[in-house]
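Results of the structural survey
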Amino acid sequence: MAGPVLELRNLTKQVPVGGQEPFVIFNNVNLSVKEGEFVSIVGPSGCGKTTLLRVVNGLMPPSSGQIFLDGKELTGADNDLVMGFVFQGASLLPWRTSLKNVLLGLEGRKSAKEAEEAARHYLNLVGLSGFENHYPHQLSGGMQQRINLARALAVNPRILLMDEPFAALDAQTRTFMQLELLRIWWQTKKTVIFITHMISEAILLSDRVIVFSHRPGRVRSEFPVPLARPRSLDIKSDHRFVELENVVWKQIEEEVKAAGGFARL
Amino acid sequence: MQASYKNIAWTMLKPISIFSGLVLWHALATHVVNDATLLVSPLVVIAKAYEMLFVTADLYPHLYASSWIFLQGMVLATVVGVPIGFLMALSPAVRDYVNPWMTALYTTPRIAFAPVILLWLGIDLAAKVIIVFLGCVFPILINSFYGMRVVSREFVEVGRSFRLSRGSLFMKILLPASVPFILAGLRLAVGRGLTGVAIAEWFGATEGLGYLIFFAGQTLNLPILFVGVAVFAILGILGFQLLRVIEDLASPWRKELLVK
């Protein structure tokens, strides 16, 4: 059995505040993610889960602790494209067509022909063949997030980091996108870390749900999701789903209370 | 049906506006002022313009002279302004070094520089181009600077998360995001550049539209004066239209985003 794809050891992020104690965003996070595992992180608003993902992706350095990918420690100097990042909002480049957006991570890393083949393949995978030449503003929010996903998948990353990718979508579109992500994950079997504040979304999609504490964030608890794949929306009425949702909700409620109540969110 | 009537009304609005303005001008000139040394009818101006364009053809040297210094000044301002603006956005050191001079030069009325520049460089082409350049360079520089500074942090992070090299980050993210701002700067520069042309040609030139207007004003030749002013206006409009074409070519993605 191979080691974990990603391992976080005592990862901490704090930002200095002039003249005072530094502001600790998350503290001593330990997490290990196996090959092909879909892990969700849920937690109260402001618990540092998004910052954690950004630190893992190297967009900001950790204050202390280590990040290992396939057993090799990642340092700031590392410039290999090993992670795909799916951003929350409008992160598609408005001056690039769908195809060109998906090509962003491929240009210069593959021959033009291979890159375009890969980009078309992933556009097809997310169901947007025929929209190659559309600009982002010509597409709906759901379609934009499909392209966002295709762009991250196209570089064939070792791990896919998803930062609340469906947060800006309306409830119906969001549900459809969850089902689409289930399908796409089933076809690609990528290792995924998925950030969300929506518990049902985390359970529906994941093999394991991590609950973050309030700030400074740390891993409070984790739950394997005992539901077989491939999944459909039907599992939402499965008693194990409902029970897990309740347990996780109780914990988040406790965290919010400990943070000073929901009025402070 | 109703919508198409509305469309026709909208497309007619511009010609109606121009026409009614000219009618008002004509009425004012022939019935209110009624003094050819103060105001002449647009019909007189049009007749004069026709004569200068197609009969005597003596407008062309002035038009060429003015267009040429305008074009050179604009191009020089773009070539200098855009890179300096970018450098200021990307390097705090450059920004702090250039800023005091930029602010001082930008806020000083350019007309104050004109005599000095003409004194140093004479009344030849170089001096005039420099005066136009001084007018154009700051809006271009400032817009390039802000354009690059306000590039959405999210776009920069997208570039970084895809591990773009510094060069790629500039070419694929920062530069395309700045293009609309640079073009807005160029558009501002058109007006200021034409003012620069007029100023430069007022000070001891022997040809050009500015000279023509100055000369016509001195000799109370109102038809020629108005022809000169009108040609300046047309040059400005042409400059804007040209920039619009460039904008559509440079950023086709924006076309549909603009508020009509």
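Residues numbered from 1 in each chain as written. Chains lettered and ligands numbered in written order. Predicted model: local features only at pLDDT ≥ 70, side-chain atom pairs only at ≥ 80, totals over all residues.

Some words on the overall build of chain A
Note the cut-off: By the criteria applied, helices consist of DSSP H or I runs no shorter than four residues and strands consist of E runs no shorter than two, each listed in order from the N terminus. The quantity called the radius of gyration is restricted to C-alpha atoms. Its globule counterpart is 2.2 Å times the number of residues to the power 0.38. Using C-beta atoms placed from the backbone, we call a residue buried if 20 or more other C-beta atoms fall within 10 Å of its own, exposed if 12 or fewer do, and partly exposed for counts in between. Remark: residues whose backbone-derived C-beta atoms lie within 7 Å of one another are considered to be in contact.
Counting its secondary structure elements, chain A contains 7 helices and 10 strands. In terms of overall dimensions, chain A is globule-like: its C-alpha atoms have a radius of gyration of 19 Å, near the 18 Å expected for 265 residues. Based on the C-alpha atoms only, the size of chain A along its principal axes is roughly 50 × 45 × 40 Å. Burial status across chain A gives 41% buried among its 265 residues. Of all intrachain contacts in chain A linking residues separated by at least 6 positions in sequence, the fraction that spans at least 24 positions is 71%.

So, the overall build of chain B
In terms of regular secondary structure, chain B is built from 10 helices and 0 strands. With respect to the principal axes defined by its C-alpha atoms, chain B has extents near 70 × 65 × 30 Å. The buried share among the 260 residues of chain B stands at 34%.

Details of the interface of chain B and chain A
The following threshold applies: Any residue outside Ala, Val, Leu, Ile, Met, Phe, Trp, Tyr, Cys, Pro, Asp, Glu, Lys and Arg is labelled polar, Gly included; the first ten of those are nonpolar and the last four are charged.
If you look at the interface, chain B gives 15 residues, while chain A gives 16 residues. Of all the secondary-structure elements, those providing two or more residues to the side of chain B that touches chain A are helix 7 (153-161) and helix 8 (166-202) of chain B. The element that contributes the greatest number of residues to the side of chain B that touches chain A is helix 7 of chain B, accounting for 6 residues. Here the residues of the side of chain B that touches chain A are counted per class, giving 6 nonpolar, 3 polar and 6 charged.

Comments concerning the confidence of the model for chain A
Heads up, the condition is: Values of pLDDT, the confidence the predictor places in each residue, fall between 0 and 100.
Confidence in the prediction for chain A averages 92 pLDDT; 97% of positions are at 70 or higher. Ranking the helices and strands of chain A by mean pLDDT puts strand 8 (residues 191-195) of chain A first, with 97, and strand 5 (residues 72-73) of chain A last, with 90.

Here we look at the sheet that holds strand 6 (residues 83-86) of chain A
Note on sheets: strands pair through backbone hydrogen bonds, and any given pair is parallel or antiparallel. Residues and elements named next belong to chain A. To be explicit about the condition: By the convention used here, strands pair only if DSSP detects at least 2 bridges between them. In this description, a line fitted to the C-alpha atoms serves as the axis of each element, helices being fitted only across the stretch in contact, and the angle between N-to-C directions of two axes falls anywhere from 0 to 180 degrees.
Spatial ordering of the open sheet is given by 6-7-8-3-9-10, a layout of 6 strands whose pairing is mixed. Strands with a single pairing partner mark the edges of an open sheet, and in this sheet they are strand 6 and strand 10 (219-224). Going from strand to strand, the sheet's axes swing by 15° on average, the running direction of each strand aside. Inspection of the sheet shows strand 3 (residues 38-42) paired to strand 9 (residues 208-212) by 4 bridges, in the parallel sense. Residue pairing for strand 9: serine 40 is matched across the bridge by valine 209.

Let's talk about the pairing of strand 6 of chain A
Residues and elements named next belong to chain A. On strand 6, burial covers both faces: Met83 and Phe85 on one face and Gly84 and Val86 on the other are all buried. Where strand 6 and strand 7 (residues 159-163) come together, 4 bridges link them in parallel fashion. Each residue of the ladder has a partner; that of phenylalanine 85, found in strand 7, is leucine 161.

A word on helix 7 (residues 239-258) of chain A
Residue and element names in this part refer to chain A. The condition that has to hold: One less than the number of residues in a helix, times 1.5 Å, gives the span that helix is expected to have. Our arc is simply the arc of the directions from the helix axis toward the C-beta atoms.
Between its first and last C-alpha atoms helix 7 spans 29 Å; for 20 residues at 1.5 Å apiece the expected length is 28 Å, and the two agree. Among the residues making up helix 7, those that are buried are Leu244, Val248, Gln251 and Ile252. One face of helix 7 carries all of its buried residues, which in axial projection span an arc of 95°. Set apart from the buried face of helix 7 by more than 90 degrees, the exposed residues are His239, Glu243, Asn246, Lys250 and Glu253. Residues of helix 7 that are buried sit in contact with strand 3, helix 6 (199-205), strand 9 and strand 10.

Side note on unusual backbone geometry
Trans is the prevailing form of peptide bonds, just as negative phi is the prevailing case for residues other than glycine. All names here are of chain A. That bond from arginine 215 to proline 216 is cis: its omega, -5°, falls within 30 degrees of zero. Between arginine 229 and proline 230 the backbone carries a cis peptide bond, its omega angle lying at -5°. Residue placement: proline 230 occurs in the loop between strand 10 and helix 7.

Here's the deal with the sheet that holds strand 5 of chain A
All names here are of chain A. The sheet built from 4 strands is open, its strands ordered 2-1-4-5 with antiparallel pairing. Edge positions in the sheet fall to strand 2 (23-33) and strand 5, since each of these pairs with one other strand and no more. By the bridge criterion, 7 bridges tie strand 1 (residues 6-15) to strand 2 in an arrangement that is antiparallel. Bridge pairing in strand 2 links leucine 11 to valine 29. Against the sheet, helix 1 (residues 49-56) touches strand 1, strand 2 and strand 4 (64-69), its axis set at about 65° to strand 2.

Points about the packing of helix 6 (residues 125-149) of chain B against helix 8 of chain B
All names here are of chain B. Note the cut-off: Here the angle decides the label: under 35 degrees means roughly parallel, over 145 means roughly antiparallel, 65 to 115 means roughly perpendicular, and every other value means oblique. In this scheme the crossing of two helices becomes right-handed for a clockwise turn of the near helix relative to the far one and left-handed for an anticlockwise turn of less than a right angle.
At a minimum axis separation of 7 Å, helix 6 and helix 8 run at an interaxial angle of 160°. In terms of their interaxial angle, helix 6 and helix 8 are classed as roughly antiparallel. Crossing hand, helix 6 versus helix 8: right-handed.

Some thoughts on the environment of leucine 28 of chain B
Residues and elements named next belong to chain B. With respect to the helices and strands, leucine 28 occurs in helix 1 (residues 2-33). Sequence separation of leucine 28 and alanine 65 is 37 residues, and the distance between their C-alpha atoms is 33 Å. Those residues in contact with leucine 28, other than ones at most four positions away along the chain, are Val33 and Leu39.

Concerning the packing of helix 8 of chain B against helix 9 (residues 209-218) of chain B
Residue and element names in this part refer to chain B. The geometry of helix 8 relative to helix 9 is characterised by a closest axis approach of 7 Å and an angle of 60° between their N-to-C directions. Taken as axis vectors, helix 8 and helix 9 run oblique relative to one another. In the packing of helix 8 onto helix 9, the handedness of the crossing is right-handed. Packed against helix 8, whose contacting residues are Val197, Ala198, Ala200, Glu201 and Trp202, the element helix 9 presents Leu209, Gly210, Tyr211, Ile213 and Phe214 at the interface. Classifying every residue of the contact of helix 8 with helix 9 gives 8 nonpolar, 1 polar and 1 charged.

Here's the deal with helix 5 (residues 171-188) of chain A
Residue and element names in this part refer to chain A. Here helix 5 is 18 residues long and its end C-alpha atoms lie 25 Å apart, about the 26 Å a rise of 1.5 Å per residue gives. Those residues of helix 5 not exposed but buried are Met177, Gln178, Leu181, Ile184 and Trp185. One face of helix 5 carries all of its buried residues, which in axial projection span an arc of 135°. Facing away from the buried surface of helix 5 by more than 90 degrees, the exposed residues are Gln172, Phe176, Trp186 and Gln187. Buried residues in helix 5 make contact with strand 3, helix 3 (112-125), helix 4 (141-154), strand 8 and helix 6. Taken from the residues just after helix 5, lysine 189 is the one with a positive phi, measuring 50°.

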